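Architecture and fold: a report
Here is how the chains run, residue by residue.
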Amino acid sequence: VGKDGVRGKSLPITTRSLNKAYGAFVALKDIDLDIKSGEFMTLLGPSGSGKTTLLMVLAGFVRPDSGSVKFGDEEVIAKAPHERGIGMMFQNYALFPHMSVFANIAYPLKIRKWPKAKIATAVDEVLATVQLTGYQSRRISQLSGGQKQRVALARAIVFKPQILLMDEPLSALDKNLRETMQVELRAMHERLGLTTVLVTHDQREALTMSDRVAVLRNGEIAQIDSPAALYNAPRTAFIAEFIGESSLLSVSLRDGACFYRDQPIDVADNTGGASGLLILRPEKLEFDNAQRRRPDRNYFFGSLERVLFQGESSLAFVRLAGGELVTVRRHLNEANHEDFPAVGSPIVLSLHKNESRVVRDDR
Ligand code: ATP
């Protein structure tokens, strides 16, 4: 029991060769996942990529066609959801609106036939954890969206689960509340140390909250890495486009050198093979001038097509001589909106060689 009194024993999750098909449609293909004890793992991917199916397999609501799911050393594939010791939290909370906060949180304990006194203590403790002390007798219908979310979390963790599974728990909230709850959930995770698996299609949410992110595509794990590694070193064009913004330039490899059209490019990393794509992140491109040439940078030439003012930063769209449209982000303290050259002006862009990465075109 940790300082909140709610800390359970958290378990690692291991899956091996998980496969699931719906008729001819393959929803999960050979999924091997190693989630560490206490880790916050996010399953991210486009609609239909298999995130929810994978989470439901972990929860026990979907039976895979083959493969193994272990919590710690224990194979759980044959176990029903309620026998797996997991807490679950969903998008629509599934709270009972006309019942009190207490009754909602006590529900999973009643099902488990806990004695009354023990239930009262556990509910008190978990209410303190989610910062809702004093709300016991409120009805759910009298709570704000963020408070409902915290009740749903309290109910998911009140029986001291060893694993917490969440499916788009914040997607019903408006943007500001969603961002507040992301911070709260992350802080809660750090206090409780529960092995947590979150499903989201929101890449920003995944980057904000997770220790690691598994990006799913067509039922397979396309890349699994820390948020920073996914952003800074995407392994394929799909990941580069899915995580953050990027413009991609076709490059070719000749005699061991990399070329964009006929211009040699110095690259830090090339996993693209003979013809790959150079990733240009909008915030890593700089406006340069025609006179200055720094040896540690690659240069691109074009003309300014459009500038969008976005508050703390502006987006500039530059049409390269080769025809590609490249997006550049400038922060106001670096380049005031008014400082942009006139639309149509010639532009020189530069990118540091260490930031010049070529990846495989798997789009
Ligand atoms: P979303 O973000 O849209 O929820 P997801 O990544 O969570 O997508 P899943 O819900 O896991 O995707 O679904 C993966 C694929 O499997 C989808 O194409 C879906 O239509 C299909 N699928 C899911 N459940 C069933 C089912 N019971 N019967 C048939 N097909 C299903």
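Residues numbered from 1 in each chain as written. Predicted model: local features only at pLDDT ≥ 70, side-chain atom pairs only at ≥ 80, totals over all residues.

1. Examining the sheet that holds strand 5 (residues 74-75)
Ordered in space as 2-1-4-5, the 4 strands form an open sheet in which the pairing is antiparallel. Of all the strands in the sheet, just strand 2 (25-35) and strand 5 have a single pairing partner and so form its edges. The pairing of strand 1 (residues 13-22) with strand 2 spans 7 bridges and is antiparallel. Residue pairing in the sheet places Thr14 in a bridge with Asp34 of strand 2. (Pairing = 2+ DSSP bridges. Helix = DSSP H or I, 4+ residues; strand = E, 2+ residues; numbered from the N terminus.)

2. Observations regarding the site of the ligand
Neighbouring the ligand are Tyr22, Phe25, Ala27, Gly45, Ser47, Gly48, Ser49, Gly50, Lys51, Thr52, Thr53 and His201. Contributing elements (two or more residues each) for the shell around the ligand: strand 2 and helix 1 (51-59). Sort the elements by how many residues they give to the shell around the ligand and helix 1 lands first, with 3 residues. Class assignment for the residues of the shell around the ligand results in 3 nonpolar, 8 polar and 1 charged. (Near = placed C-beta within 6 Å. Nonpolar A, V, L, I, M, F, W, Y, C, P; charged D, E, K, R; others polar.)

3. Examining unusual backbone geometry
For Lys113, which is not glycine, the phi dihedral falls at a positive 60 degrees. As for its position among the elements, Lys113 is in the loop between helix 2 (101-111) and helix 3 (116-129). Even without being a glycine, Asn218 presents a positive backbone phi close to 50 degrees. With respect to the helices and strands, Asn218 occurs in the loop between strand 9 (212-217) and strand 10 (220-225). Since 14 C-beta atoms lie within 10 Å of it, Asn218 is described here as partly exposed. (Buried ≥ 20, exposed ≤ 12 C-beta atoms within 10 Å, placed from the backbone.)

4. So, the environment of Pro346
Relative to the elements of secondary structure, Pro346 occurs in strand 20 (residues 346-352). Residues Pro346 and Ala290, spaced 56 residues apart in sequence, show a C-alpha to C-alpha distance of 9.4 Å.

5. Describing the sheet that holds strand 17 (residues 297-309)
With antiparallel pairing, 5 strands are arranged side by side in an open sheet as 16-20-17-18-19. Bordering the open sheet on either side are strand 16 (285-288) and strand 19 (325-331), each of which pairs with just one other strand. Direction aside, neighbouring strands of the sheet carry axes that sit 45 degrees apart on average. As judged from the 7 bridges shared by strand 17 and strand 18 (residues 313-320), these two strands associate in the antiparallel manner. Looking across to strand 18, one finds that Phe309 is bridged to Ser314. (Axes fitted to C-alpha atoms, helices over the stretch in contact; angles between N-to-C directions.)

6. Here's the deal with the nonpolar core
Val126, Ala154, Ile157 and Leu165 are the most contacted members of the largest nonpolar core, which has 85 residues in total. Residue contributions to this core peak at 6 residues, all from helix 4 (residues 145-157). Each of two domains, domain 1 (13-232) and domain 2 (237-359), supplies a minimum of three residues to this core. When residues no more than four places from it in sequence are discounted, the contact partners of Ala154 are Ile105, Val126, Leu127, Thr129, Val130 and Leu132. (Core = buried A, V, L, I, M, F, W, Y, C linked by C-beta atoms within 7 Å. Domains from an automatic or database assignment. Contact = placed C-beta atoms within 7 Å.)

7. Concerning the pairing of strand 6 (residues 86-90)
Extensive coverage of strand 6 is indicated by the burial of 4 of its 5 residues. Of the strand pairs in this sheet, strand 6 and strand 7 (residues 163-167) are connected by 5 bridges, and their pairing is parallel. What sits directly across from Met89, in strand 7, is Met166.

8. Notes on helix 4
The end-to-end C-alpha distance of helix 4, which contains 13 residues, comes to 19 Å, matching closely the 18 Å that a straight helix rising 1.5 Å per residue would cover. Most of helix 4 is tucked away: 10 of the 13 residues are buried. What helix 4 keeps buried is the set Lys148, Gln149, Arg150, Val151, Ala152, Leu153, Ala154, Arg155, Ala156 and Ile157. (Expected span 1.5 Å × (residues − 1).)

9. Quick notes on the domain arrangement of the protein
Considered domain by domain, the protein is made up of domain 1 (13-232) and domain 2 (237-359). Taking the mean C-alpha position of each, domain 1 and domain 2 sit 39 Å from one another. Of the residues lining the interface, 7 residues belong to domain 1; the matching set on domain 2 comes to 5 residues. Secondary-structure elements contributing two or more residues to the side of domain 1 that touches domain 2 are strand 9, strand 10 and helix 7 (227-232). Residues that form the side of domain 1 that touches domain 2 fall into these classes: 4 nonpolar, 2 polar and 1 charged.

10. Let's talk about the confidence of the model for the protein
For the protein, per-residue confidence averages 90 on the pLDDT scale, and 95% of positions sit at 70 or higher. Segment residues 1-6: pLDDT under 50, and 14 contacts once partners within four positions in sequence are set aside and those in other chains are kept. Taken together, the chains of this predicted complex give a pTM of 0.88 and an interface ipTM of 0.94. (pLDDT = per-residue confidence, 0-100.)

11. Points about helix 2
Each full turn of the α-helix corresponds to 3.6 residues, which orients residues three or four apart in the same direction. Within the span of helix 2, buried status applies to Val101, Asn104, Ile105, Ala106, Pro108 and Leu109. Its buried side turned inward, helix 2 meets helix 3 and helix 4. Positive backbone phi, approximately 60 degrees, marks Lys113, located one or two places after helix 2.

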